[in-house]
Amino acid sequence: MWLCNIGAEKYWSNLSAGVVNRQEDIAVNRMEEMNLLICREQDIIILREMPDEDYLSNLRKMGFSIPTILSPENADLLTPISELVLRDEGLLNKLKEAAEKNNDLYFNPYGVTHLEEEIAQKTGMRIMGAPSHINAKINDKIFNREISEKLGLTVCEGRVCNSADEIREEYDKLTNSKPFFSKVIIKEPKGASGKGLYIVDSKEKLESSLRMIARFSRGRTDSKWLVEGWYNKKGDINYQIYVSPDGEVDVFSIKEQLLRDTVYIGSKMPPELEQRVLDSYMEYGQKIGRYLYETGFTGVAGIDSIITEQDVCIPIIEINGRFTLSTYISFVNQILKDKKNTVKILQTDSGKNCELYGYMQQTGE
């Protein structure tokens, strides 16, 4: 049973969300339909409303399987999908009945928070993935840096800062070092999808960013921020890992990401990487996965990394201990392998649509 609860990060973070764009929230929530790309016919998926029938028909023609689709009553476009499910006793009862009929029914959400744990408890479904408090820990960028350091992996120049003065000190250090960084990035530990990130290229921008950070922190004295140099890159590489309940690690779907500054807009599959580089990512994934298992993590994680202009690989920029948008397109090539020459996934500028372009060998389209 699939549930694409995009936005799970807000339940793991104690910082303010800042300025809220309702139209953007609506667009992001509708992206839950991407989950259909990895469903099977025997599966169940919850969507806030039934997709357009023409859309489902086109997916079938391209080789995708359409599962049983359930929708909560009185759904709107702004309420998080898990909250809608918990409000609907009828839907919860349907899921409970499905779980009673099938002991192999697993609940597989985008990310596990206390809401998904409550859904699992009320329906009797077995939830895939680690407990919510483990996921919150894994999705912490400061903890991600600590993992890199403990595993002896290359890390970005920078450090963890506890105050505005420490952020200023690290900015001055990074922009005056040799070689110096022309930009610095300040990271809120649990931000996602480009939020909670501040790219700073001047003292003026630094001070305006610090004022914004102070406003969003709302006077908290225990907030920490990661300050790192901004690297010129040859590539942004994402790789996915699955950590099984018995600790086995599978590394899959190594791909080049297309970013606009810090925001993901698409992926290039397959990646244009040498075999030795691909092999190194397989090794990194195994090492990181084993470490995550020791912390109590199981399930799917997406790892972002970079290759600098100097051909230095930094294996962990951040770890998302949950599904990512990149996860949902990981199997598109496999499904369309007999029907296409090229597959390209693009998210439009507005973020309202994810368009799939297939160039069909049979038709030449």
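Refer to the structure presented above.
Numbers given for residues are sequential positions, taken from 1 along each chain in its written order. Reporting in this predicted model follows two pLDDT cut-offs: at least 70 for local features of residues, and 80 or more for side-chain atom pairs to be given and counted; totals over whole chains, interfaces and linings ignore these cut-offs and use all residues. Hydrogens are left out, water is left out, and the side-chain values use all remaining heavy atoms of the structure.

Enquirer: Can you break down the sheet that holds strand β8 (residues 197-200) residue by residue, with the values?
Expert: Strand order in the open sheet made by the four strands is β6-β9-β7-β8, with antiparallel pairing throughout. A single partner strand is all that each edge strand has here, and the edge strands are β6 (158-161) and β8. Taking each pair of neighbouring strands and ignoring which way they run, the sheet shows an average axis angle of 20°. Across four bridges, strand β7 (residues 184-187) lies against strand β9 (residues 225-229) in antiparallel orientation. Paired with Lys187 across the strands is Leu226, a residue of β9. Sheet contacts for helix α7 (residues 141-151): β6, β7, β8 and β9; angle to β9, the most-contacted strand, approximately 55°. Criterion used throughout: strands pair if DSSP finds at least two bridges between them. Starting at the N terminus, helices and strands are each numbered in turn, a helix being any DSSP run of H or I of at least four residues and a strand any DSSP run of E of at least two. Helix axes are fitted to C-alpha atoms over the stretch in contact, other axes to C-alpha atoms as well, and angles between N-to-C directions run from 0 to 180 degrees. By definition in these notes, contact holds between two residues if any of their heavy atoms fall within 4.5 Å.

Enquirer: How would you explain the packing of helix α8 (residues 164-176) against helix α9 (residues 203-217) if you had to name every residue and give the values?
Expert: Running from N to C, α8 and α9 point in directions that differ by 155°, and their axes come no closer than 11 Å. Compared by their axis directions, α8 and α9 come out roughly antiparallel. For the crossing formed where α8 meets α9, the hand is right-handed. From α8, Ala164, Ile167, Arg168, Tyr171 and Asp172 reach across to α9, where they touch Lys203, Leu206, Glu207 and Leu210. Residue polarity follows a fixed list, in which Ala, Val, Leu, Ile, Met, Phe, Trp, Tyr, Cys and Pro are nonpolar, Asp, Glu, Lys and Arg are charged, and the others, Gly among them, are polar. Taken together, the residues of the contact of α8 with α9 sort by class into five nonpolar, no polar and four charged. Orientation categories follow fixed angle ranges, with anything under 35 degrees roughly parallel, anything over 145 roughly antiparallel, 65 to 115 roughly perpendicular, and all other angles oblique. When the near helix sits turned anticlockwise from the far one by under a right angle, the crossing is termed left-handed; a clockwise turn instead gives a right-handed crossing.

Enquirer: Explain the sheet that holds strand β4 (residues 106-109) to me, using residue names and the numbers behind them.
Expert: Strand order in the open sheet formed by five strands is β3-β2-β1-β4-β5, with parallel pairing between adjacent strands. Whereas interior strands pair on both sides, the edge strands pair on one side only; in this sheet they are β3 (68-70) and β5 (126-127). The pairing of strand β1 (residues 2-3) with strand β2 (residues 44-46) spans two bridges and is parallel. What sits directly across from Leu3, in β2, is Ile46.

Enquirer: Account for the packing of α7 against helix α10 (residues 275-294), naming residues and giving values.
Expert: Remark: α7 packs on α10, axes separated minimally by 11 Å, with the N-to-C direction vectors making an angle of 115°. What the angle tells us is that α7 and α10 run roughly perpendicular. Between α7 and α10 lies a crossing of right-handed hand. Facing α7, whose interface residues are Phe143, Ile147, Lys150 and Leu151, α10 presents Lys287, Ile288, Tyr291 and Leu292. When its residues are assigned to classes, the contact of α7 with α10 shows six nonpolar, no polar and two charged.

Enquirer: Pulling in residues and values, what's your account of the pattern of salt bridges?
Expert: What counts as a salt bridge is simple: a side-chain nitrogen of Lys or Arg found within 4 Å of a carboxyl oxygen of Asp or Glu. In the structure shown here, the tally under the stated rule is 21 salt bridges. One salt bridge in this structure joins Lys234 and Asp311, with 2.8 Å as the shortest N-O distance. Of this pair, Lys234 sits in strand β10 (residues 233-243) while Asp311 sits in the loop between β13 (299-308) and β14 (313-320); the two residues are 77 residues apart in sequence, bridging distant segments of the chain. Accessible area is worked out with a 1.4 Å probe on protein chains only. A residue is then buried under 20% of its type maximum, exposed over 50%, and partly exposed in between. When its relative accessible area of 53% is taken as the criterion, Lys234 is described as exposed. Relative accessible area serves as the criterion here: at 51%, Asp311 is assigned to the exposed category. Residue Arg276 pairs with Glu274 through a salt bridge whose shortest N-O separation is 2.8 Å.

Enquirer: How would you explain helix α5 (residues 114-123) if you had to name every residue and give the values?
Expert: When α5 is considered as a whole, its buried residues turn out to be Leu115, Glu116, Ile119, Ala120 and Thr123. The buried residues of α5 occupy one face: seen down the axis, they fall within an arc of 140°. On its buried side, α5 packs onto β1, α3 (81-87), α4 (89-101), β4 and β5. Phi for Gly124, located one or two positions after α5, is positive at around 80°. Directions from the helix axis toward the C-beta atoms define the arc.

Function cannot be read off these values alone, since they describe shape.
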